[in-house]
Each structure stands twice: as structure tokens, then as C-alpha cells.
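So the chains spell out like this:
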Amino acid sequence: MRPDALMDAWSGVALRAGAMLRDPASPEIEARIQRLDSQLCELVLDEPDGSLLWLVQHNTSEPQNYSVLHALLVAVVCDLAAGFAGIVSAETRASMRQAALTMNLCITRLQDELVQQQSPLAPEQREAIEGHGARAAASLRESGVSDALWLDAVTHHHDAPSGALAGLPPAMQLARLIQQADIFAARLSPRRVRSALAANDAARGVYFDERKAPDEAGAAVIKAVGVYVPGSFVRLRNGDVAVVVQRGELASQPLVASVATAQGMPFSHPQRRDARLPEHAVVTGLPPHEMRVRVALAPLLRLAS
């Protein structure tokens, strides 16, 4: 798919998602979410790395549209991680993606406000956040959604237990995968009160569970998107600043595009690099706020396909 077509397609998906998620009582929401899910799947199937690149870049640069872009990124990350988590049924994966898209249905507008807010949570804001999964599931149920996996995964996307996924009920497996993808994606996005993390730091945060033990769902996320997810920024051994454009065979060895020299001078065009080569090995991730050059998406997407 041409870069401009991919960008237009994802922009359209984000626009339609925003119209639905900001209006929980919108008519025929189940059918509309399912159509949106189908479009999302087609894009991920055709351009998995380009889709991640577009979503991660927009999640780090559009705080005013945080909640919608975050939901889309979580749904895509979950879908890519499903196979590594042993979730292979097409129907189950659809329930998981749709749960990821609607997990914050009742607080979409509030999330966008909180990203820009510097003051502590007000009591009414805290009350709205607490139990929002259960309220979102109730709203979906009232709108006609009857898929128990979808509804239960939404309800428990913040409180699914850690541990071996095979030992959890199916809905909790989905909820745990959504929970870890949610945490990972949130740490890639800036807030007014904190900066976004580098991709490797975001990955490290989901690799271990609440007891500091390796987490199976978190590991599935990292295996799926890499330690350095497409769209994130890295520094190479030769000093270049680069953008990750493709996942590699190993999670720590992606294909990258250098956008600036070690001295901070931008390249006129992104320079394709292979992190398997010693001189172009990734030495660390870079948080978005450390970038000093503007990045055009279209040339990077050409390298991602």
C-alpha cells in the first residue's frame, strides 16, 4: 500500500473511531465497532509495521486525540500478540480487539482532558475512573452487545490476574493481554505531567508483573512488537538518531531509518539501516521529547513496507 493511502486509511479509521467512542449511546454501536475492527484488521494484515509506525508516531504527537489513538494502538498490539499468547481462534481475537477498542468507552473525553491536566485528579474525576470498565461493559450490554468474552474483557481490563495465561478463564486471558498492551501503549504517550518513555523502557515495564516476576502476557506483547516498536526513536552505535520502521527477526534488532547524525544534523532523506550490523546496532531507545528534528511519516512508511 502506498504511504499516502496508508496514512489516509488510518486517519479515516481514527476519525470514525472518535465519532463512536465519544458518543457511547450512539446507535448500532456493535455493528459500527465490528466494521471498524474489520477495517483495522485489513490494515494490520496488509501493513503491520507501517500500521504500528503510524499509530506510535501519532500516539506520541497528538495528545488532544489521546484516548482514540490509544485504543487503536492497544487493539493492534493485542492482535499481533495474540498468537504468542496462545490465542489463535479468529472469533476470540475479534472479541479481544473489540474489547480493547471499547475498554474506556465511558471515559473517552475525560482521558483526553487528563492528558492535558497538570493538577491532581478531582474527586469527581477519580470517581469516574474507578470502575469505568464495568460501566463501559454495562453500556455496551444496554446497547445490544451480547458477546460475553468482549464484555468480560472490558470489565476486567484493569484487574486481570497475572500468571500463566493457560490457567486463566478465556475472558481473563483477553483482559490480561489488553491490560499489558494498555500499560505499554500508555507509557509511549506523553502527559502534561510526565514525558513519554523510550520504547525499551515501556517494554521493560510490562515484561515483569506486579510481583516482579516475568509476565506471560507482557512477554507476548514484546515478542509481537519488539523491544523497539516501529515508530519509536533510537540511538545507533555510530551515533545516529533513528526511527524504527520494521520489526526484526529478533526483538532487539529492528530495521531502522537514521534521521539525524550524532551531531544532530538531519539527513535530507531517512537512511535505511540494519540493526543486525555492528555499526548500526541499537544501543538505546530515545523518548520522543529528546528528538530535535522533525520527522516526515511518508518516507519512513516507504521503508516500512
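Residues numbered from 1 in each chain as written. Predicted model: local features only at pLDDT ≥ 70, side-chain atom pairs only at ≥ 80, totals over all residues. Heavy atoms only, no water.

*Asks:* Give me the packing of aromatic side chains: which residues, what numbers.
*Replies:* As enumerated under the stated definition, the model contains 2 aromatic pairs in all. With a centroid separation of 6.0 Å and an interplanar angle of 20°, the aromatic rings of W10 and W54 are classed as stacked. Note that W10 is positioned in helix 1 (residues 3–21) and W54 in helix 3 (residues 48–61), a separation of 44 residues in sequence. Across this residue pair, the class does not change: W10 and W54 are buried. Ring geometry for Y207 versus F208: centroids 4.9 Å apart, planes at 90°, classification edge-to-face. Judged by relative accessible area, which is 35%, Y207 ranks as partly exposed. The side chain of R191 reaches across the aromatic face of Y66, ending 4.6 Å from its centre. (Phe/Tyr/Trp six-rings, centres within 6.5 Å; stacked < 30°, edge-to-face > 60°. Helix = DSSP H or I, 4+ residues; strand = E, 2+ residues; numbered from the N terminus. Buried < 20%, exposed > 50% of the residue type's maximum accessible area, 1.4 Å probe, protein only. Lys NZ or Arg CZ within 6 Å of the ring centre and 35° of its normal.)

*Asks:* Any chance you could break down the pairing of strand 4 (residues 266–274) for me, citing the residues and the numbers?
*Replies:* Strand direction decides the pairing type here: strand 3 (residues 255–260) and strand 4, joined by 5 bridges, are antiparallel. Its bridge partner being in strand 4, A260 is matched across the sheet by P266. In this structure, the hairpin formed by strand 3 and strand 4 is closed by a connection of 5 residues, where G264 is found at a positive phi of approximately 90°. (Pairing = 2+ DSSP bridges.)

*Asks:* Break down the pattern of salt bridges for me, citing the residues and quoting the values.
*Replies:* Under the defined criterion, the tally for this structure stands at 11 salt bridges. Among the ionic pairs, R22 bridges to D112, the shortest N-O distance being 3.1 Å. Separated by 90 residues along the polypeptide, R22 in the loop between helix 1 and helix 2 (29–46) and D112 in helix 6 (residues 108–116) bring together distant segments of the chain. For D274, the salt bridge is made with R276, and the minimal N-O distance between the two is 2.7 Å. The network of salt bridges with common partners includes D37, D79, R93 and R97. (Salt bridge = Lys/Arg side-chain N within 4 Å of Asp/Glu carboxyl O.)

*Asks:* Could you give me a rundown of the packing of helix 3 against helix 4 (residues 66–82), with the residues and numbers involved?
*Replies:* With their axes 10 Å apart at the nearest point, helix 3 and helix 4 run at an angle of 145° to one another. Here the hand of the crossing between helix 3 and helix 4 comes out left-handed. Listed contacts from helix 4 to L52, W54, L55, V56, H58 and N59 of helix 3 are L69, H70, L72, L73, V76, V77 and L80. Of the residues that constitute the contact of helix 3 with helix 4, the class distribution is 10 nonpolar, 3 polar and no charged. (Axes fitted to C-alpha atoms, helices over the stretch in contact; angles between N-to-C directions. Left-handed = near helix turned anticlockwise from the far one by under 90°. Contact = heavy atoms within 4.5 Å. Nonpolar A, V, L, I, M, F, W, Y, C, P; charged D, E, K, R; others polar.)

*Asks:* Requested: an account of the nonpolar core, with residues and values cited.
*Replies:* Grouped together as the largest cluster of nonpolar side chains are 86 residues, with contacts concentrated most on W10, L72, L177, I178 and F184. Ranked by the residues each element gives to this core, the list is headed by helix 4, at 13 residues. Those residues within four positions of I178 in sequence are excluded, and the remaining contacts are V74, C78, M96, A99, A100, M103, A153 and H157. (Core = buried A, V, L, I, M, F, W, Y, C linked by side-chain atoms within 4.5 Å.)

*Asks:* Pulling in residues and values, what's your account of the environment of P48?
*Replies:* Along the chain, P48 falls in helix 3. What makes P48 partly exposed here is its relative accessible area of 22%. Remark: the alpha-carbon pair of P48 and A304, spanning 256 residues in sequence, is separated by 8.9 Å. For P48, the residues in contact, after removing those within four places along its chain, are L43 and R247.

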